[in-house]
Amino acid sequence: MIHSVDLYSKNRIIKVVNILTTGEEMTKYNKSEAELEAIFQQKIDSEQKIEPKDWMPEAYRKNLIRQMSQHAHSEIIGMQPEGNFITRAPSLRRKTVLLSKVQDEGGHGLYLYSATETLGIERSELISALQSGQAKYASIFNYPAQTWGDMGAIGWLVDGAAIVNQVSLQRTSYGPYARGMIRICKEESFHQRQGYVIMMELAKGTPAQKQMAQDSLNRFYWPSLMMFGPHDSESAHSAKSMKWKIKRETNDDLRQKFIDQTAPQIAYLGLEHPDKDLVWNEEKGQHDSGEIDWEEFYAVINGNGHSNRQRIQHHVKAHEEGAWVRDAMSEYKQKKLQRKINAETAA
Amino acid sequence: MSLEKLELFEVFLRSKRGLDHKHAGSLHAEDKEQALEYARDVYTRRSEGVSIWVVRSNDICASQEDDSDSFFDPSDDKPYRHATYYDIPKEVGTM
């Protein structure tokens with residue numbers, strides 16, 4: 001008996017379930033939902049990945065679509081603050097590096113959208129949720145990039161924080177997401193390093209350049225910490241996500257890793273640490289740190305950051321202005337098809 | 001039934017959950033359902049896979065090995081896309 005799941009169809013009716021795995025699974029489509037859920041949780045508990053054709057609880061699927069599409073949107077919206085500096089980069093070498101980084105982000109968005117689509121949702125639905133404000137993206141991108149120093153701080157801190165999160169997500173329970181993260185992490189290392197090199201150059205430069213580096217650090221340090229989300233006690237999605245191993249480490253644990261790895265990097269640059277309460281706690285083997293301004297966090301998330309409206313407006317504009325390219329592609333496909341038909345009838 | 005009339009399929013195996021499907025080989029079959037059964041019988045005789053994909057060979061669009069120089073050369077002169085292009089001091093940890 002051969003079965004396949006019609007996962008990609010619009011109505012998402014599960015016709016029958018994949019076999020060719022174990023004898024037990026061959027008949028699992030005859031099981032009740034409770035039994036299916038037990039098998040699902042057992043896979044999760046024994047560190048097996050969930051793959052697109054597996055049965056999964058609707059809430060798991062929804063939770064993943066929310067998180068993965070938010071991640072994809074962040075990559076795409078994240079192109080804007082840096083894209084703004086491509087024409088302003090101070091040398092040809094820096095221009096090519098920055099352009100290359102922004103192109104990478106576009107590619108990462110593509111990997112993530114495609115992985116999200118394996119859950120049976122269409123790209124157009126994801127895009128319209130972003131444009132209507134129903135879907136979120138990392139609120140860090142609602143902060144404007146004002147100076148060349150910000151290109152350094154964004155690569156170093158923003159991509160650095162993203163890497164801490166993404167390294168953890170390489171072990172997420174959904175196969176396509178985990179594999180996407182592995183690919184993205186490989187590419188992401190360049191992003192952080194090029195950012196840190198910009199910071200090193202500025203920090204070693206003239207007093208004005210050093211001041212520019214300090215200013216960028218000051219403005220991007222706290223928002224980078226906010227990228228890990230609210231405290232575990234306040235996080236709406238954490239508990240379920242941990243049980244399903246969509247998230248592998250909590251917001252606070254990941255944030256702590258980032259604080260600890262960033263402290264010596266700030267010291268090496270010879271810059272002042274923006275957190276005046278930061279002290280090494282010998283007993284815990286980690287830094288104690290000051291409290292984040294959560295009012296600012298929620299204000300930006302709820303649409304009142306400096307650039308929220310501009311980011312979405314720009315996305316809508318770019319999407320609309322690109323419509324002719326998509327139309328031309330579809331027109332060209334029709335034309336080629338017609339040519340082929342004409343050639344065949346002639347022959 | 002002659003062998004020539006059968007279609008060629010490419011077989012991809014996922015050896016373990018969480019890993020990518022990898023190309024394992026090809027086979028001839030009447031249709032995709034049969035190809036999947038054959039692939040199971042031939043390519044997973046020793047539990048080599050937990051999942052199989054079969055794809056009609058004709059449906060695979062592939063780059064040409066002979067053209068690969070000009071096809072891939074846009075990335076040859078862009079060493080700055082690699083992390084190792086950037087010298088990071090040891091003191092600041094891995095990045």
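Residues numbered from 1 in each chain as written. Chains lettered and ligands numbered in written order. Predicted model: local features only at pLDDT ≥ 70, side-chain atom pairs only at ≥ 80, totals over all residues. Heavy atoms only, no water.

**Some thoughts on the overall build of chain A**
Note the threshold: Only runs of H or I of at least four residues qualify as helices and only runs of E of at least two qualify as strands under DSSP, and these elements are numbered from the N terminus. The classification of residues rests on relative accessible area computed with a 1.4 Å probe and restricted to protein chains. Under 20% of the type maximum is buried, over 50% is exposed, and intermediate values are partly exposed. In this analysis, two residues are considered to be in contact whenever any of their non-hydrogen atoms come within 4.5 Å of each other. Here the accessible surface of atoms and residues is derived via Shrake-Rupley with a 1.4 Å probe, and residues count as covered only by protein chains that are part of the display. Charged residues are defined narrowly, with Lys and Arg counted positive, Asp and Glu counted negative, and His plus the chain ends left uncounted. One atom stands in for each charge, and that atom is NZ of Lys, CZ of Arg, CG of Asp or CD of Glu.
A tally of regular secondary structure across chain A gives 14 helices and 2 strands. Once the C-alpha set of chain A is aligned to its principal axes, its extents read approximately 70 × 60 × 35 Å. Counting all 347 residues of chain A, 52% fall into the buried class. Long-range contacts, defined here as pairs at least 24 residues apart, represent 73% of the contacts in chain A between residues at least 6 apart. Here chain A displays about 17,000 Å² of accessible surface, and carbon together with sulfur accounts for 54% of that area. Within chain A, one finds 44 positive and 45 negative side-chain charges whose respective centroids are separated by 7 Å.

**Re the overall build of chain B**
Which entries qualify depends on this criterion: Taken over C-alpha atoms, the radius of gyration is set against a globule rule of 2.2 Å times the number of residues to the power 0.38.
When helices and strands are counted, chain B shows 2 helices and 3 strands. Counted from the first residue to the last, chain B has its helices and strands arranged as β-β-α-β-α. Here the C-alpha radius of gyration of chain B, 21 Å, is well above what a compact globule of 95 residues would show, namely 12 Å. The long-range fraction of contacts in chain B, counting pairs at least 24 apart against all pairs at least 6 apart in sequence, stands at 44%. Accessible area of chain B: about 7,000 Å², with a carbon and sulfur share of 49%. In chain B, the 13 positive side-chain charges and the 20 negative ones have mean positions that sit 9 Å from each other.

**Quick notes on the confidence of the model for chain A**
Selection rule: Known as pLDDT, the predictor's confidence for each residue is given on a scale from 0 to 100.
Residues of chain A with pLDDT of at least 70 account for 92%, and the chain-wide mean is 91. The least confident element of chain A, judged by mean pLDDT, is helix 1 (residues 23-26) of chain A at 43; the most confident is helix 9 (residues 207-226) of chain A at 98.

**Regarding the interface of chain A and chain B**
Stated formally: A simple way to read buried area is as the amount of 1.4 Å-probe accessible surface that goes missing from two parts once joined, with both sides added. Just to be clear on terms, a salt bridge is a Lys or Arg side-chain nitrogen sitting within 4 Å of an Asp or Glu carboxyl oxygen. N or O atoms within 3.5 Å of each other form a polar contact, as long as, within protein, one can give a hydrogen and the other can take it, and as long as residues adjacent in sequence are counted only when both atoms are side-chain atoms.
Residue-level contacts link 30 residues of chain A with 26 residues of chain B. The contact between chain A and chain B buries some 2,500 Å² in all, and 60% of this surface belongs to carbon and sulfur atoms. Counting the contacts that link chain A with chain B gives 3 salt bridges. Here arginine 179 of chain A ties to aspartate 20 of chain B by a salt bridge, and the two come within 3.2 Å at their closest N and O atoms. Remark: the boundary between chain A and chain B carries 12 residue pairs in polar contact (both at pLDDT 80 or more).

**Quick notes on the pattern of salt bridges**
Residues and elements named next belong to chain A. Throughout the structure, instances matching the rule amount to 23 salt bridges over all chains. Here lysine 101 makes a salt bridge to aspartate 159, at a shortest N to O gap of 3.0 Å. Here lysine 101, found in helix 5 (residues 92-117), pairs with aspartate 159, found in helix 7 (residues 148-169); they are 58 residues apart in sequence, far enough to count as distant. Of the two residues examined, lysine 101 and aspartate 159, each falls in the buried class.

**A closer look at a nonpolar patch on the surface**
Residues and elements named next belong to chain A. Keep this limit in mind: The patches reported here contain residues having more than 30% relative accessible area and no salt bridge. Joining distances are 9 Å for like charges and 5 Å for nonpolar side chains (Val, Leu, Ile, Met, Phe, Trp, Tyr).
On the surface, a cluster of nonpolar side chains totalling about 370 Å² of accessible area is made up of Trp324, Val325 and Met329. Tracing the chain through its elements places valine 325 in helix 14 (residues 323-346). On the basis of relative accessibility, which here comes to 37%, the residue valine 325 falls in the partly exposed class.

**Re the packing of helix 5 of chain A against helix 6 (residues 123-131) of chain A**
Residues and elements named next belong to chain A. Our working rule: Here, axes are lines fitted to C-alpha atoms. For helices the fit covers the stretch in contact, and angles between N-to-C directions go from 0 to 180 degrees. In this scheme the handedness of a crossing depends on how the near helix is turned from the far one: anticlockwise by less than a right angle means left-handed, clockwise means right-handed. Asp, Glu, Lys and Arg are counted as charged, while Ala, Val, Leu, Ile, Met, Phe, Trp, Tyr, Cys and Pro are counted as nonpolar; the rest, among them Gly, fall into the polar class.
Taken N-terminus to C-terminus, the directions of helix 5 and helix 6 make an angle of 115 degrees; their axes are 9 Å apart at the nearest point. Crossing handedness for the pair helix 5 and helix 6: right-handed. Between helix 5 and helix 6, the residues in contact are Leu110, Tyr113, Ser114, Thr116 and Glu117 and Arg123, Leu126, Ile127 and Leu130, respectively. The residue makeup of the contact of helix 5 with helix 6, split by class, is 5 nonpolar, 2 polar and 2 charged.

**Quick look at the packing of aromatic side chains**
Using the following cut-off: When two rings of Phe, Tyr or Trp (its six-membered ring) have centres within 6.5 Å they constitute a pair, described as stacked for plane angles under 30 degrees, edge-to-face for angles over 60, and tilted for the intermediate range.
Summed over the entire model, instances satisfying the criterion amount to 12 aromatic pairs over all chains. Geometrically, the ring pair formed by tryptophan 156 of chain A and tyrosine 196 of chain A is edge-to-face, given 5.4 Å between the ring centres and 65 degrees between the ring planes. Of this pair, tryptophan 156 of chain A sits in helix 7 while tyrosine 196 of chain A sits in helix 8 (residues 175-203), and the two are 40 residues apart along the sequence. With respect to burial, tryptophan 156 of chain A and tyrosine 196 of chain A carry one shared label: buried. Measuring from ring centre to ring centre gives 5.7 Å for phenylalanine 190 of chain A and tyrosine 86 of chain B, while their planes differ by 15 degrees; the resulting arrangement is stacked. Note that phenylalanine 190 of chain A is positioned in helix 8 and tyrosine 86 of chain B in the segment after helix 2 (68-72), a pairing that runs across two chains.

**Considering unusual backbone geometry**
Even without glycine at this site, lysine 245 of chain A takes up a positive phi of about 60 degrees. One can find lysine 245 of chain A in the loop between helix 10 (238-243) and helix 11 (251-269). Its identity as a non-glycine residue notwithstanding, serine 47 of chain B has a phi of 55 degrees, on the positive side. Summarising the element assignment, serine 47 of chain B is placed in the loop between helix 1 (32-43) and strand 3 (51-56). On the basis of relative accessibility, which here comes to 67%, the residue serine 47 of chain B falls in the exposed class.

**Topic: the sheet that holds strand 3 of chain B**
Residues and elements named next belong to chain B. As a reminder, the rule being used: For two strands to pair, DSSP has to find at least two bridges joining them.
Taken in spatial order, the 3 strands make up an open sheet running 2-1-3, and their pairing is antiparallel. Looking along the sheet, the strands with just one partner apiece sit at the ends: strand 2 (22-29) and strand 3. With strand direction ignored, the average angle separating the axes of adjacent strands in the sheet is 30 degrees. Strand direction decides the pairing type here: strand 1 (residues 7-14) and strand 3, joined by 6 bridges, are antiparallel. Bridge pairing in strand 3 places leucine 13 opposite isoleucine 52. The sheet contacts of helix 1 involve strand 1, strand 2 and strand 3, and relative to strand 2 the element is tilted by about 120 degrees.

**Observations regarding the side chain of histidine 191 of chain A**
Residues and elements named next belong to chain A. Structurally, the position occupied by histidine 191 is in helix 8. Of the residues examined, histidine 191 reaches a relative accessible area of 0% and is grouped as buried. A distance of 2.8 Å separates a polar atom in the side chain of histidine 191 from a polar atom in the side chain of aspartate 104. Among residues more than four places away in sequence, those in contact with histidine 191 are Lys101, Asp104, Glu105, His108, Gly155 and Asp159.

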